[in-house]
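Summary of the model geometry
Each chain, letter by letter, is given below.
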Amino acid sequence: MMLFVHIIVCIVLIFCVSVKADYTVIVRTEEENFVSILTKTPKYVPTWPSLDSRPLPVWYDVAKFGIFIHWGVFSVPSFGSEWFWNNWKSELAEAIRSKTDLKFGLYHSMYEWYNPLYVTDKQNNFTTDRFVIHKIIPELYELIETYKPEVVWSDGDWEASDSYWKSKEFLAWLYNKSPVKDTVVVNDRWGSNIPCHHGDFFTCTDRFNPGVLLPHKWENCMTIDKKSWGYRRNAVLSEYYTLVGLVKELVITVSCGGNLLMNVGPTKDGIITPIFEERLRGMGAWLAVNGEAIYDTKPWTVQNDTLTGSVWYTLSKNEKQLYASILEWPDDNILLLGSLKLSKNSQIHLLGYSSIIPWKQSDNKLVITLPANAHRGEPAWVLRIGTL
């Protein structure tokens, strides 16, 4: 099983960046503009058509499911939301790599509301870029070279364009010369004009779940606590997603070609509270049985069934197995599907249940008889259909 983890991080560096001769680097000119210094012809140049031509690293599409951790100084009061304070440095990269098979990623917020350099640039209508020169670019280089993240999850970009942030120049270095150039993936928050247009995967907005197949890889970044990314001691039970709701988000997201990034907020002392633990363990238990319908799959020609809309489809990578994820168990144990027409030698199995499932094909629907004792109060169920 492959997962990936993002850790929220805001690291303050003291105007330092290591410039190496064999790197594609960004330097300051006398006019305080950025130019790209290249020692040889790069594979990717700092233009969106070139950057967009980079293939998505395979591991990300295989993974499907990730965990987002928001943990910082705001977790000390643990009241309101993560915006109370937001300045924490990750120390988990080595532990994750040495003790797990997880993929490690970092969140990075571009702007800082009260940084005097940013305030000045904003007052100048972003015609100056001292904040980017002295803070953002050195910080990004330091993050990549120190922590070597497989995901760079950018945010806080929306007040200025990608040109101000020097996003294209940074991404060209990241894809050409960084220590993670062949494996790293980035999202789409690199300037006010960029979300849902450029990046290895699109997030578009928080909690983005279009419910339809999109032509570009995308991610549903959402929170178990519906109101906050950080831990809240004043949250009530109704403000948390149920396990049924979380599995539904995962199933629909993957059926439509996306990945789910599910957020938890530890307490000030790094504890995952029981309700978050219960949800995480519940997701793990469901995936232990039904994970083959999620990991390393791809969308089918139909996303959800034309007759029973609570059934969503995925296809195995070799296209030999079709999976039908059932979000609502039928009251009479009879499932009707309108998107399938099976050959006589097809077999249907319910994942986690040993017996073959009986079915009958009529002219306009497939009739499947589900075993009542297989319900077991699960949040969702998966049919594996072979030989279509």
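Residues numbered from 1 in each chain as written. Predicted model: local features only at pLDDT ≥ 70, side-chain atom pairs only at ≥ 80, totals over all residues. Heavy atoms only, no water.

Thoughts on the state of the cysteines
Between two cysteines, a covalent bond joining their sulfur atoms is known as a disulfide. Throughout the structure, instances matching the rule amount to one disulfide. In this model Cys196 forms its disulfide with Cys204; the gap between the sulfur atoms is 1.8 Å. Across the S-S bond linking Cys196 and Cys204, the dihedral sits near 80°, which makes this disulfide right-handed. Its relative accessible area of 14% is what places Cys204 among the buried residues. (Disulfide = S-S within 2.5 Å. Buried < 20%, exposed > 50% of the residue type's maximum accessible area, 1.4 Å probe, protein only.)

Concerning the sheet that holds strand S17 (residues 381-386)
Each strand in a sheet pairs with another by means of backbone hydrogen bonds, the pair being arranged parallel or else antiparallel. What the five strands build is an open sheet, ordered S10-S11-S12-S17-S14; its pairing is antiparallel. Edge strands, defined here as strands with exactly one partner in the open sheet, are strand S10 (297-298) and strand S14 (347-350). Both strand S12 (residues 321-326) and S17 contribute to a ladder of six bridges, which runs antiparallel. Across the sheet, the residue bridging to Ser325 is Val382, located in S17. Sheet contacts for helix H8 (residues 243-255): S10, strand S11 (311-316) and S12; angle to S11, the most-contacted strand, approximately 55°. (Pairing = 2+ DSSP bridges. Helix = DSSP H or I, 4+ residues; strand = E, 2+ residues; numbered from the N terminus. Contact = heavy atoms within 4.5 Å. Axes fitted to C-alpha atoms, helices over the stretch in contact; angles between N-to-C directions.)

Details of the nonpolar core
Membership of the largest hydrophobic core comes to 37 residues, with the highest contact counts inside it found for Leu250, Met283 and Trp286. The set of elements that each furnish at least two residues to this core consists of strand S4 (65-69), strand S8 (218-223), H8, strand S9 (258-264) and helix H9 (274-290). No other element matches H8, which puts seven residues into this core. Lining this core are residues from two domains, each supplying at least three of them: domain 1 (48-294) and domain 2 (298-386). Counting 29 residues, the second-largest nonpolar core is a separate cluster that includes Ile137, Leu140, Leu171 and Trp190. (Core = buried A, V, L, I, M, F, W, Y, C linked by side-chain atoms within 4.5 Å. Domains from an automatic or database assignment.)

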